[in-house]
Amino acid sequence: MKIGFIGLGNMGGPMAANLIKAGHDVTGFDPAGTPDGIRAAPSAAEAARGADVVITMLPNGAILRSVADQVIPAMQPGAVLLDCSTVDVESARAVADQAQAAGLMALDAPVSGGIGGAQAGTLTFMVGGSDEAFAKAAPLFDIMGQKAVHCGGSGNGQAAKICNNMILGATMIATCEAFALADKLGLDRQAMFDVVSTSSGYSWSMNAYCPAPGIGPQSPADNDYKPGFAADLMLKDLRLSQQAAEAVAADTPMGQRATELYEQFVEHEDGTGRDFSAMLPRFEKRKR
Ligand code: NAD
């Protein structure tokens, strides 16, 4: 396929490289420069011109909207605008409407799996949009990822992503505060892990990404809490969850509290640039 790839940062760069490795004809654009091995266009519109699929991997919804304004007029009818960024549901739906009004197909397909997953081609895509658009993009999901779940119409990929990450933020905090409480009660961390990981308190945060160094499988806790999944990105996703919850008047008290705690950690403590599981040393240091 002829592919335009806009936004070649930590995630977009390796995703585009995997498409090239698989034999696709990729032209990229990023104002910060194009990584080696990816043919560069002088603008987003030029990268999009004549492409079968235009992929965007951008920081936020405002930038996505501005890039959409540039690329949609340059795209050929029937082409797919495939946004893999994590953005607010409202921007995802607005951009999809704009693309469809111009005779294009649109998909929102945020990912989980992080930079390692982007490099290894093992991302999970959560996808919103039509069956036809999903079928056209499916071979690309197979290259860049190991799983793509079609979640329904436009915006539903973003909805799935923020609901998942709202659960993740809240369970990571619950896991970390429980470890810190266990410490203060004199309960050994290994014993705590052995019980919880096989009992009803288990979760991905405990079992697969244990925030306690030296306990459970290898995780960022074993590497001085270097991300992994940065607390800053968790805060971004939690904020998106609360923005969405407000828009539809959903009551999300745990999501709200998790947002407040990550905001405190990132903006007023030492959380920025650390893995999101570094909430454990934070709780260790604190008193009630
Ligand atoms: P990044 O900052 O490394 O990359 C974003 C790129 O977009 C940058 O290179 C930037 O120059 C480019 N850009 C900015 N404005 C642009 C414009 N107008 N036109 C074209 N390009 C423009 O960020 P990233 O880590 O690659 O994340 C990208 C998206 O993926 C975000 O929405 C993020 O939330 C999401 N995401 C990231 C991770 C992760 O672990 N990094 C995991 C899952 C999802």
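Predicted, not measured: the structure shown is a model, and the values here were computed from it.

Draft legend 1. How the structure looks around the overall build of the protein chain. The number of helices and strands found in the protein chain is twelve helices and nine strands. Relative to a compact globule of 288 residues, whose C-alpha radius of gyration would be 19 Å, the protein chain shows 20 Å and is just as compact. Counting only C-alpha atoms and orienting by the principal axes, one finds that the protein chain spans roughly 65 × 40 × 35 Å. Looking at the protein chain as a whole, 50% of its 288 residues are labelled buried. A separation threshold of at least 6 residues defines the contact pool for the protein chain, and within that pool the share at least 24 residues apart is 64%. As presented, the protein chain carries roughly 12900 Å² of accessible surface, and 55% of it is formed by carbon and sulfur atoms. Here the protein chain holds 21 positive side-chain charges and 31 negative ones, and the gap between their average locations is 4 Å.

Draft legend 2. Spotlight on the side chain of Ser219. Structurally, the position occupied by Ser219 is in the loop between helix H9 (204-207) and helix H10 (231-247). Assessed through its relative accessible area of 8%, Ser219 is described here as buried. Setting aside its immediate chain neighbours within four residues, Ser219 contacts Tyr209 and Cys210.

Draft legend 3. Highlighting helix H8 (residues 189-196). Those residues of H8 that sit buried are Arg189, Met192, Phe193 and Val196. Across the axial projection of H8, the buried residues extend over an arc of 95°, all falling on one side. Turning to H8, the residues buried within the fold contact helix H7 (156-184), H9 and helix H12 (279-285). The N-cap residue of H8 is Asp188: its side-chain oxygen and the backbone nitrogen of Gln190 are 3.3 Å apart.

Draft legend 4. Region of the structure containing the state of the cysteines. Scanning the entire structure with this criterion turns up zero disulfides. No disulfide involves Cys84; its sulfur sits 13 Å from the nearest other cysteine sulfur, which is in Cys151. There is no disulfide at Cys163, and the cysteine sulfur nearest it, in Cys151, is 10 Å away.

Draft legend 5. Representation of empty space enclosed by the protein in the model. By the definition in use, this model includes one cavity of 30 Å³ or more. Put simply, the largest cavity is a space of about 80 Å³. Looking at the largest cavity, the residues that line it are Leu64, Leu81, Asp83, Ala92, Val95, Ala96, Ala106, Leu107, Asp108, Gly128 and Ser154. Elements that contribute at least two residues to the lining of the largest cavity include exactly strand S5 (80-83), helix H4 (89-101) and strand S6 (105-108). Among the residues forming the lining of the largest cavity, the class breakdown is seven nonpolar, two polar and two charged.

Draft legend 6. Summary view of the packing of helix H1 (residues 12-21) against helix H6 (residues 131-144). In the contact formed by H1 and H6, the axes pass within 9 Å of each other and the chain directions differ by 110°. Taken together, the axes of H1 and H6 are roughly perpendicular relative to one another. Here Met15, Asn18 and Leu19 of H1 come into contact with H6, specifically with Leu140, Ile143 and Met144. Of the residues contributing to the contact of H1 with H6, the split by class is five nonpolar, one polar and no charged.

Draft legend 7. Representation of helix H11 (residues 253-268). Here H11 is 16 residues long and its end C-alpha atoms lie 22 Å apart, about the 22 Å a rise of 1.5 Å per residue gives. Among the residues of H11, those classed as buried are Gly255, Ala258, Thr259, Leu261, Tyr262, Phe265 and Val266. Lining the buried residues of H11 we find H7, H10 and H12.

Basis of the calculations
- Residues numbered from 1 in each chain as written.
- Predicted model: local features only at pLDDT ≥ 70, side-chain atom pairs only at ≥ 80, totals over all residues.
- Heavy atoms only, no water.
- Helix = DSSP H or I, 4+ residues; strand = E, 2+ residues; numbered from the N terminus.
- Rg over C-alpha atoms; globule rule 2.2 N^0.38 Å.
- Buried < 20%, exposed > 50% of the residue type's maximum accessible area, 1.4 Å probe, protein only.
- Contact = heavy atoms within 4.5 Å.
- Areas by Shrake-Rupley, 256 points an atom, 1.4 Å probe, with all protein chains shown as cover.
- Lys, Arg positive; Asp, Glu negative; His and termini not counted.
- Charge placed at Lys NZ, Arg CZ, Asp CG, Glu CD.
- Arc of directions from axis to C-beta.
- Polar contact = N/O pair within 3.5 Å; in protein donor to acceptor, adjacent residues only side chain to side chain.
- Disulfide = S-S within 2.5 Å.
- 1 Å grid on protein atoms, 1.4 Å probe; cavity = no way out; pocket = protein on both sides within 12 Å on 5 of 7 lines; lining within 4 Å.
- Points joined across faces, edges and corners; volume = space filled by probe spheres on them.
- Nonpolar A, V, L, I, M, F, W, Y, C, P; charged D, E, K, R; others polar.
- Axes fitted to C-alpha atoms, helices over the stretch in contact; angles between N-to-C directions.
- Parallel < 35°, antiparallel > 145°, perpendicular 65-115°, else oblique.
- Expected span 1.5 Å × (residues − 1).

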